[in-house]
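Residues per chain, in single letters:
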Amino acid sequence: MTPSARRTTATASAAAVVTDGHGRVLVVNPVYKERWNLPGGHLDEGELPTAALRRELREEIGLDLEVGGLLVTAWLARPEGAHVFHVFEGPQLTPEQQQRITLQESEIGEIRFCRPEDITADMVPPHVLPVWQAALTARELGRPAYLELSP
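Here goes a summary of the coordinates provided. Model, not experiment: these values are computed from the prediction.

Relative to the assigned elements, G21 resides in the loop between β1 (10-19) and β2 (25-30). Note on G21: relative accessible area 54%, which makes it exposed. Separated by 110 residues in the primary sequence, G21 and V131 place their C-alpha atoms 23 Å from one another. When sequence neighbours within four positions are dropped, the list of residues in contact with G21 reads Q92 and L93.

With that out of the way, let us pick up the pattern of salt bridges. Summed over the entire model, instances satisfying the criterion amount to twelve salt bridges. Linking E56 and R55 is a salt bridge whose minimum nitrogen-to-oxygen distance equals 3.1 Å. Judged by relative accessible area, which is 8%, E56 ranks as buried. R78 serves as the salt-bridge partner of E80, at 3.6 Å between the closest nitrogen and oxygen. On the basis of relative accessibility, which here comes to 28%, the residue R78 falls in the partly exposed class. Because the salt bridges share partners, they merge into one network encompassing D44, E47, R55, E56 and E59.

Here helix α1 (residues 49-61) spans 18 Å end to end across 13 residues, near enough to the 18 Å set by a 1.5 Å rise per residue. Check the buried side of α1 and you find it contacts β1, β2, β3 (40-42), β5 (82-92), α2 (95-100) and β6 (108-114). Where α1 terminates, the next one or two residues include G62, which has phi positive at roughly 75°.

On to the layout of surface pockets. Considered as a void within the structure, the largest pocket measures approximately 510 Å³ in volume. Those elements giving two or more residues to the lining of the largest pocket turn out to be β1, β2, β3, α1, β5 and α3 (129-141). A breakdown of the residues in the lining of the largest pocket according to their chemical character gives twelve nonpolar, nine polar and six charged.

Let us look at the pairing of β5. Of all the eleven residues making up β5, eight are buried; the element is thus mostly covered by neighbouring parts of the structure. With six bridges connecting them, strand β4 (residues 70-76) and β5 associate as antiparallel partners. Within β5, the residue paired with W75 across the bridge is V84. Hairpin connection between β4 and β5: a loop of five residues separates the two successive antiparallel strands, and G81 in this loop has a positive phi of roughly 135°.

How each quantity is defined
- Each chain has its residues counted from 1, running along the sequence as written.
- Only residues with pLDDT of 70 or above have their local features reported here, since the model is predicted, and side-chain atom pairs are shown and tallied only from 80 upward, although totals for entire chains, interfaces and linings are computed over all residues.
- Side-chain measures were taken over the full set of non-hydrogen atoms in the model, leaving aside hydrogen atoms and water.
- Working definition: helices are DSSP H or I runs of at least four residues, strands are E runs of at least two. Numbering for both runs from the N terminus.
- Only protein chains enter the accessibility calculation, which uses a 1.4 Å probe; a residue is then buried when its area is under 20% of its type maximum, exposed when over 50%, and partly exposed in between.
- We call two residues in contact when some of their heavy atoms are within 4.5 Å.
- Each salt bridge in this description consists of a side-chain nitrogen of Lys or Arg and a carboxyl oxygen of Asp or Glu lying within 4 Å of one another.
- One less than the number of residues in a helix, times 1.5 Å, gives the span that helix is expected to have.
- The distinction between a cavity and a pocket rests on a 1 Å grid over the protein atoms alone: a 1.4 Å probe fits inside a cavity but cannot get out, while a pocket stays open yet meets protein on both sides within 12 Å along at least five of seven lines, and a residue with an atom within 4 Å of a point counts as lining.
- Grid points are joined across faces, edges and corners, and a volume is the space filled by probe spheres set on the points.
- Ten residues, namely Ala, Val, Leu, Ile, Met, Phe, Trp, Tyr, Cys and Pro, are considered nonpolar, four, namely Asp, Glu, Lys and Arg, are considered charged, and the remaining ones, Gly among them, are considered polar.
- When DSSP finds two or more bridges between a pair of strands, those strands are recorded as paired.

Spelled out as structure tokens, the structure:
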């Protein structure tokens, strides 16, 4: 590395597109943010994205769920530092699994299942909406996507 070269560091998170039997997507409302998210969260140091996602699903909604294939990897360049989103295919929850959902009250205020077309920029952070849309499209097409975004 030359003296003028700098390493690029980024934070990272992993989320899942979890659905119900009607094709609606599970979204969570964190108590520490104004907007909704897909279930998931930040990767700890050295943690693999799928391991982080399974941990976050257990913590946030109390279910140990299998994680499917990658739908989207998105690099978001921000002034405060880059962030990498990994969005994976999640399972379709049975009615019994939905009944067993237990919220991590210190982090999640509520959950709901939404039709994909109802997930808009007034519901989720606007800079994340393209990631959600790409994930839903990747599910439909059966082909993962890669995005590079800047706010």
